[in-house]
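# Examining the three-dimensional arrangement
Okay, here's what each chain looks like letter by letter:
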Amino acid sequence: MPQQAIQITGNFQSVTISGNTVDEANTDSEVDKGAVRIKEPTWQTGATLTVRNNSLTDSYHGVVATDDTTELATRVTFELNELTDHASAAVDNQSTVGDGDLGAAGNWWGADTGPAGGQVSGAVDSAGWITSFTPDPAKNDWPAADAWPLSISFSAAAAPGFWPTAITYDLPCTTDCYVATTGDDSASGSSLAPFATIQKGLASVNAGGTVHVAAGTYSEGSLVIDKALTLQGDDPTSTLVTAASTPVFQVAANTVTIEYLGITHPTQLTEGILVSAASDLTVDHVAFTNLANGTTNAYGIRFLNSFSNLTVRNSSFTGTDVAAYERVLGIYLPKPYTAENFLIEDNVFSKVFTGVDLRAHVNGLTIQRNTFGPMDLADCRSAASGIYMGCLLY
């Protein structure tokens, strides 16, 4: 084999190198040569170089860019290639110009763990690689992706070239992030590679997105929701957040939905959701259990300021012992604030001191089809109530 099988140099507009098999190039081990050599091309306006679907094996280098090569980061697309069994680096960027990395994401390096030590050299971005390789005689060209995944599963064809026939993307999550007890917070957060904690899901999802929490028990607390989003469990009986600290959730952003979760504690849940935002919170199919705090208050949902557009439906607020002094307030908004456009429907308030407790100005309130009782009468019997509207401030 020659010292380089394919050399790109000189003036050109756009070049695609695809469907080639190169084996045993540069057997003399010259340091700046390999299966594909990019040698200081003169890029014309709009010029691009695409190297895709090639099998580059058993050479000194798979791809090498020489020392004065410029604009590698913006001009070169290098993906869906097989890069195995090279004597030196499979991808070697020797350019000293320093104007960006040579992108090498989305290639097969011979193992599902990606490039091993020594397989890349110089300014090379190899984050994101193919994770499985199964020869398949079918050949289908594969379009370029806008961004390569952290991992990819596929089948590839026999020589010549390297041809995927099936692909599953595993991009870092943006609008939909997933959490599971079997996950890993260093994963992508996709449905294929979920996070392990709700905290990581909340931090990673874009505003307006959804954090999907699989069935399981999550020991977490003091979780701040600081952007508009939906937090969605599987079911309030199977997706349980057990309080490592309280409040379990602090809602600090408008337009938040929390649904299909159980919020609990092994002995006493002192505060489930603390709201410091101003508007638009929906709590749907959320079970607050083991609410209790002894001689001071425990809260299912508590507001720190005036709030508008609250919906609480299909949820339950349950204390620990109807005969004990547990001081549980299911939904609480104190004076001198204002509650505006509150809808509280189809909920159950059980073993609590007060179910809906609004010590505030009220402008628009619907409370319908709820069940109250039994109530905690170990405290002040005259104040224990399903719905309490007044001016007393605890």
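Residues numbered from 1 in each chain as written. Predicted model: local features only at pLDDT ≥ 70, side-chain atom pairs only at ≥ 80, totals over all residues. Heavy atoms only, no water.

Take the nonpolar core next. Residues Ile198, Leu231, Phe249, Ile273 and Ile301 are the most contacted members of the largest nonpolar core, which totals 52 residues. The residues contacting leucine 231, other than those within four sequence positions of it, are Ile198, Leu202, Val211, Val213, Phe249, Thr257, Ile258, Glu259 and Leu261. Grouped together as the second largest cluster of nonpolar side chains are 26 residues, Ala65, Leu72, Ala104 and Trp109 included. (Core = buried A, V, L, I, M, F, W, Y, C linked by side-chain atoms within 4.5 Å. Buried < 20%, exposed > 50% of the residue type's maximum accessible area, 1.4 Å probe, protein only. Contact = heavy atoms within 4.5 Å.)

Quick look at the pattern of salt bridges now. Enumeration over the complete set of coordinates arrives at 10 salt bridges. Where lysine 33 meets aspartate 32, a salt bridge forms, and the shortest distance between an N and an O atom there is 3.3 Å. Given the relative accessible area of 15%, lysine 33 is considered buried. For arginine 37, the salt bridge identified is with aspartate 32, shortest N-O distance 2.9 Å. On the accessibility criterion, arginine 37 (7% relative accessible area) is buried. Aspartate 32 sits in the partly exposed class, given a relative accessible area of 22%. One connected set of salt bridges, linked through shared partners, spans Arg313, Glu345, Asp346 and Arg369. (Salt bridge = Lys/Arg side-chain N within 4 Å of Asp/Glu carboxyl O.)

Turning next to unusual backbone geometry. Threonine 246 connects to proline 247 through a cis peptide bond whose omega is -5 degrees. With respect to the element layout, proline 247 can be found in the loop between β22 (239-243) and β23 (249-251). Backbone torsion omega between glycine 373 and proline 374 reads 0 degrees, so that peptide bond is classified as cis. Topologically, proline 374 is positioned in the loop between β35 (371-372) and β36 (385-389). Positive phi outside glycine occurs at leucine 80, with the angle close to 60 degrees. The backbone phi angle of aspartate 280 is positive, close to 65 degrees, even though this residue is not glycine. In this structure, aspartate 280 sits in strand β26 (residues 279-291). On the basis of relative accessibility, which here comes to 31%, the residue aspartate 280 falls in the partly exposed class. (Helix = DSSP H or I, 4+ residues; strand = E, 2+ residues; numbered from the N terminus.)

According to the stated counting rule, one finds 8 aromatic pairs in the structure shown. Between phenylalanine 288 and phenylalanine 317, the ring centres sit 4.6 Å apart and the planes meet at 10 degrees, which makes this aromatic pair stacked. Residue phenylalanine 288 is found in strand β26, and its partner phenylalanine 317 is found in strand β29 (residues 316-319); the two are separated by 29 residues along the sequence. For the pair formed by phenylalanine 288 and phenylalanine 317, the shared burial category is buried. When the centroid spacing of 5.0 Å and the interplanar angle of 10 degrees are considered together, the rings of phenylalanine 349 and phenylalanine 372 count as stacked. Of the two residues, phenylalanine 349 is situated in strand β32 (residues 348-350) and phenylalanine 372 in strand β35; the sequence distance between them amounts to 23 residues. For phenylalanine 372, a relative accessible area of 29% corresponds to the partly exposed category. Against the face of tyrosine 299 rests arginine 302, its NZ or CZ located 4.9 Å from the ring centre. (Phe/Tyr/Trp six-rings, centres within 6.5 Å; stacked < 30°, edge-to-face > 60°. Lys NZ or Arg CZ within 6 Å of the ring centre and 35° of its normal.)

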